[in-house]
Amino acid sequence: MKVNTRRAKDVEIALVKEISIRTAWERFSDEQRRELDKETWSRRMGELFDMMVKKESHEVFVAEDEKQAFLGYVWVGEGSNPMTGTKHGYIYDVFVKEGLRRKGIGVMLMEKAERYCRETGYHEMLLLVAINNQPAQKLYVKQGFKAEQTYMLKRLS
Ligand SMILES: CC(C)(COP(=O)(O)OP(=O)(O)OC[C@H]1O[C@@H](n2cnc3c(N)ncnc32)[C@H](O)[C@@H]1OP(=O)(O)O)[C@@H](O)C(=O)NCCC(=O)NCCS
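A short tour of the structure in this document, coming up. Position numbers for residues start from 1 in each chain and track the written sequence from start to end. Residue-level local features of this predicted model are given only where pLDDT is at least 70; pairs of side-chain atoms are given and counted only at 80 or more, and the full residue set underlies all totals for whole chains, interfaces and linings.

Remarks on the overall build of the chain
To keep it simple, the criterion reads: Strands are runs of DSSP state E lasting at least two residues, helices are runs of H or I lasting at least four, and both sets are numbered from the N terminus onward. Here the globule rule reads 2.2 Å times residues to the power 0.38, and the radius of gyration is calculated from C-alpha atoms. Here, residue contact means that the backbone-derived C-beta atoms of the two residues sit within 7 Å.
Helix and strand content of the chain: five helices and five strands. On C-alpha atoms alone, the chain measures out to a radius of gyration of 16 Å, which is about the 15 Å that the 2.2 N^0.38 rule sets for 157 residues. Summarising its shape, the C-alpha atoms of the chain cover approximately 50 × 35 × 30 Å along the three principal directions. The contacts of the chain with a sequence gap of at least 6 include a subset with a gap of at least 24, amounting to 60%.

The following block contains the structure:
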């Protein structure tokens, strides 16, 4: 399969939004889901997505096959270090369609995001990944990411 990566067209952003919200929900634990009202949460996430993606510093790139069929996406934007104010590239999400995984498409999308970050002039890329999301963690390590801090949580109820 010949894979091409390119900037998402406006019409594709709606699909990316739907997938991003669905997969974020799927990654929640049962405990987290119990605490949330799915409809309210999804609406809020949708509003947040719309607000962020329209910013100039945010880009969504899609992967497509030779017939222009959608294979996946990466959503990259700008973040800044609260201590130093230094700007960096931030990977908000990366997704490859179920059934097409382990074919190198995730790597291609991450490479596209990295090229964009280099061209923009960022010196670093950051992201947040769940400790139990082994496929994503392995992809990021393969792409040169290293864990620098551990986000810790203690459940109180
Ligand atoms: C994470 C994800 C984007 C990876 O996409 P992909 O196209 O399968 O990734 P690649 O084929 O480019 O794999 C690159 C490397 O990542 C690692 N990897 C990917 N999936 C893996 C899996 N299921 N188990 C173990 N390692 C895995 C491997 O090191 C792999 O290299 P290899 O195949 O040469 O061993 C995909 O699994 C996905 O869409 N997951 C759901 C969404 C998600 O969790 N996104 C991350 C949010 S933080």
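Quick look at the site of the ligand
Inclusion rule: Nearness rests on one distance test: the residue's C-beta atom, set from the backbone, must lie within 6 Å of the molecule or strand. Residue classes follow a fixed rule: Ala, Val, Leu, Ile, Met, Phe, Trp, Tyr, Cys and Pro count as nonpolar, while Asp, Glu, Lys and Arg count as charged, and any other residue, Gly among them, counts as polar.
By nearness alone, 20 residues border the ligand, and Arg-101, Gly-106, Pro-135, Lys-138 and Leu-139 come closest of all. Among the elements of the structure, β4 (87-96), α4 (105-120) and α5 (134-142) are those that each provide at least two residues to the shell around the ligand. A breakdown of the residues in the shell around the ligand according to their chemical character gives nine nonpolar, five polar and six charged.

Points about the packing of helix α1 (residues 10-27) against helix α3 (residues 38-53)
What counts is decided by this rule: Interaxial angle, 0 to 180 degrees, is taken between N-to-C directions of lines fitted to C-alpha atoms, where a helix line uses only the stretch in contact. Angle categories are assigned with fixed cut-offs, so that under 35 degrees is roughly parallel, over 145 is roughly antiparallel, 65 to 115 is roughly perpendicular, and the rest are oblique. By definition, any crossing whose near helix is turned counterclockwise from its far helix by less than a right angle is left-handed, and any crossing with a clockwise turn is right-handed.
Following both chains from N to C, one finds α1 and α3 inclined at 135 degrees, their axes separated by 10 Å at the closest point. What the angle tells us is that α1 and α3 run oblique. Our pair here, α1 against α3, has a crossing hand that is right-handed. Note on element contacts: α3 touches α1 through Lys-38, Ser-42, Met-45, Gly-46, Phe-49 and Val-53, opposite Ile-13, Lys-17, Ser-20, Ile-21, Ala-24 and Trp-25. Split by residue class, the contact of α1 with α3 holds seven nonpolar, three polar and two charged.

So far we have only geometry, and geometry alone does not tell us how the molecule works.
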